[in-house]
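Here are the chains, one letter per residue:
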Amino acid sequence: AGILNFCANNYLGLSSHPEVIRAGVETLEQFGAGLSSVRFICGTQSIHKDLEEKISCFHQREDAILYASCFDANAGIFEALLTPEDAVLSDELNHASIIDGIRLCKANKYRYKHMDMQDLEAKLQDAQKHRLRLVATDGAFSMDGDIAPLKEICRLAEKYEALVFIDECHATGFLGPNGRGTDELLGVMDKVTIINSTLGKALGGAAGGYTTGPKPLIDLLRQRSRPYLFSNSLPPAVVGCASKALDLLMESNAIAQSMAAKTQRFRSKMTAAGFTISGQDHPICPVMLGDARLAAVMADDMLSRGIYVIGFSYPVVPKGKARIRVQISAVHSDEDIDRCVEAFTEVGRKHGALP
């Protein structure tokens, strides 16, 4: 029956959508393979401006700026925005790219316990002595599938006059009624100041990232963000694919809404089988196993049964927290999901992960 891929970030199945592929081919033929330039020389074409406008429209923000990846977007924002007079407060389980971006800036650095609002408030109180305060968090955390408590974060940010930054790589396109992300899901779109996200997951799956937010911030990044200034412009085919993906999302929320039922089906069936699934209501479904070798051998056995998944262990996740991270996609049928659960049950019993 072939191999079913249950470990890709292709949340909406758009990387293989015929209209997305066609848009990429047409843009490739019109604009060429690449522009051989950074944006401020001859790397800004109409397609780049159009895509930035679509991104800001989709997120209901004032402006947007494209990067080669969201890793670059995260590497480029903190250094450009924050000075030694400022402070950044970061969740301890934020993505490596946020951590690296924060390392590049000279702001005062605070790290609060994962999704711990008491600890965040204590650190916000201590950071009051600094000029500007920025709270930085993943919207959805990629290793555990849990979602940041944005309502509480935004309430604290308002109380202590801080800005809120969220990385939406594992939320854009499918969380919220229209797929706009965790800020839409939790009703705080007007409270979050800055969003960084990717075009390399739900929005076509190729490459690219972006920052969207207030226009003065985007203007500043165009002048000072080093990954933007010194990296080649996004290839036309990538821009064309991402632009079409956004068109499809803004035309209908049907694809985004289909994710909830599929995610719930997998999580409920796996829990009923006896597995522990981390996170809550997110298509990232970490099957917690604890032992690194068990995660690896179970993943190998899953492949022999036609299910492609990967075991995660230290240093990608903490010691003793090894897992197989399953990722549900809109293109998975109910039969695909049931086949995956059956394979997990067989393999889990074989290796002693289930009684």
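Each residue is numbered by its place in its chain's sequence as written, counting from 1. Whole-chain, interface and lining totals are the exception, using all residues; otherwise, since this is a predicted model, local features are given only for residues with pLDDT of at least 70 and side-chain atom pairs are given and counted only at 80 or more. Computation of side-chain values: all heavy atoms of the structure, hydrogens and water removed.

S.K.: What exactly am I supposed to notice about the sheet that holds strand β13 (residues 322–327) here?
M.R.: Note: strands within a sheet are paired through backbone hydrogen bonds, in either parallel or antiparallel orientation. Read across the open sheet, the four strands follow the order β9-β10-β13-β12; overall the sheet is antiparallel. Either end of the sheet is taken by a strand with one partner, and the two such strands are β9 (276–277) and β12 (311–312). Paired strands are those between which DSSP finds at least two bridges. Under the DSSP-based scheme used, a helix requires at least four consecutive residues in state H or I and a strand at least two consecutive residues in state E, with every element numbered from the N terminus. In this sheet, β13 lies alongside strand β10 (residues 284–290) in antiparallel orientation, the contact comprising six bridges. Its bridge partner being in β13, P286 is matched across the sheet by R325. Together, β9, β10 and β13 form the strand contacts of helix α12 (residues 254–273), whose direction differs from that of β10 by roughly 20°. By the convention used here, residues are in contact when the closest approach between their heavy atoms is within 4.5 Å. Only the stretch in contact is used when fitting a helix axis, every axis being a line fitted to C-alpha atoms; angles between N-to-C directions are given from 0 to 180 degrees.

S.K.: So what exactly am I meant to see when it comes to the domain arrangement of the chain here?
M.R.: A common way to report how large an interface is uses the accessible area buried once the components associate. Annotation comment: domain bounds sourced from an automatic or database domain assignment. Its domain assignment divides the chain into domain 1 (17–251) and domain 2 (253–351). In this assembly, 16 residues from domain 1 lie in contact with 17 residues from domain 2. Note on terms: buried area is the combined drop in 1.4 Å-probe accessible area of two parts once they are placed together, counting the loss on both. Buried surface at the junction of domain 1 and domain 2, both sides included, amounts to about 1300 Å², of which 59% is carbon and sulfur. In terms of surface lost to domain 2, no three residues of domain 1 exceed M143, D144 and F174, which account for 42% of the buried area on that side. Salt bridge, as applied in this entry: a Lys or Arg side-chain nitrogen positioned within 4 Å of an Asp or Glu carboxyl oxygen. For the pair domain 1 and domain 2, the interface holds one salt bridge. A salt bridge links D144 to R323, with the shortest nitrogen-to-oxygen separation between them at 2.9 Å.

S.K.: What's the story with the nonpolar core in this structure? I'm lost.
M.R.: The nonpolar side chains of a soluble globular protein tend to be buried, and buried together. To form a nonpolar core, buried Ala, Val, Leu, Ile, Met, Phe, Trp, Tyr and Cys residues must be joined to one another through side-chain atoms within 4.5 Å. Classification of residues uses two cut-offs on accessible area relative to the type maximum, computed with a 1.4 Å probe and protein chains only: under 20% is buried, over 50% is exposed, and between them is partly exposed. Within the largest apolar cluster, 57 residues are counted, with the highest numbers of intra-cluster contacts made by F6, L199, F266, V287, I324, V326 and F344. Contributions of two or more residues to this core are made by α3 (46–59), β2 (63–67), α11 (236–251), α12, β10, α13 (292–304), β13 and α14 (334–350). No other element matches the eight residues that α11 contributes to this core. No fewer than three residues from each of domain 1 (17–251) and domain 2 (253–351) sit in this core. If near-sequence neighbours (up to four positions away) are discounted, F266 is found in contact with C285, V326, I328, I337, C340, V341 and F344.

S.K.: Would you take a moment to explain helix α9 (residues 215–224) for this structure?
M.R.: The α-helix advances 3.6 residues per turn, and as a result positions three or four apart in sequence lie on the same side. Taken together, the buried positions of α9 are occupied by L217, I218 and L221. The buried side chains of α9 occupy one side of the element, clustering within an arc of 95° when seen end-on. Opposite the packed face of α9, turned more than 90 degrees from it, sit the exposed residues P216, Q223 and R224. Those residues of α9 that are buried lie in contact with β2, α4 (70–81), β7 (194–198), β8 (209–213) and α10 (226–229). The arc in question is formed by the directions pointing from the helix axis toward the C-beta atoms.

S.K.: How should unusual backbone geometry be read in this particular structure?
M.R.: Of all residues except glycine, most have a negative phi; of all peptide bonds, most are trans. The amide bond that connects Y314 to the next residue, P315, takes the cis arrangement and shows omega of 10°. With respect to the element layout, P315 can be found in the loop between β12 and β13. Notably, M115 is not glycine yet its phi reads approximately 55°, a positive angle. Tracing the sequence through the fold places M115 in the loop between β4 (108–112) and α6 (117–126).

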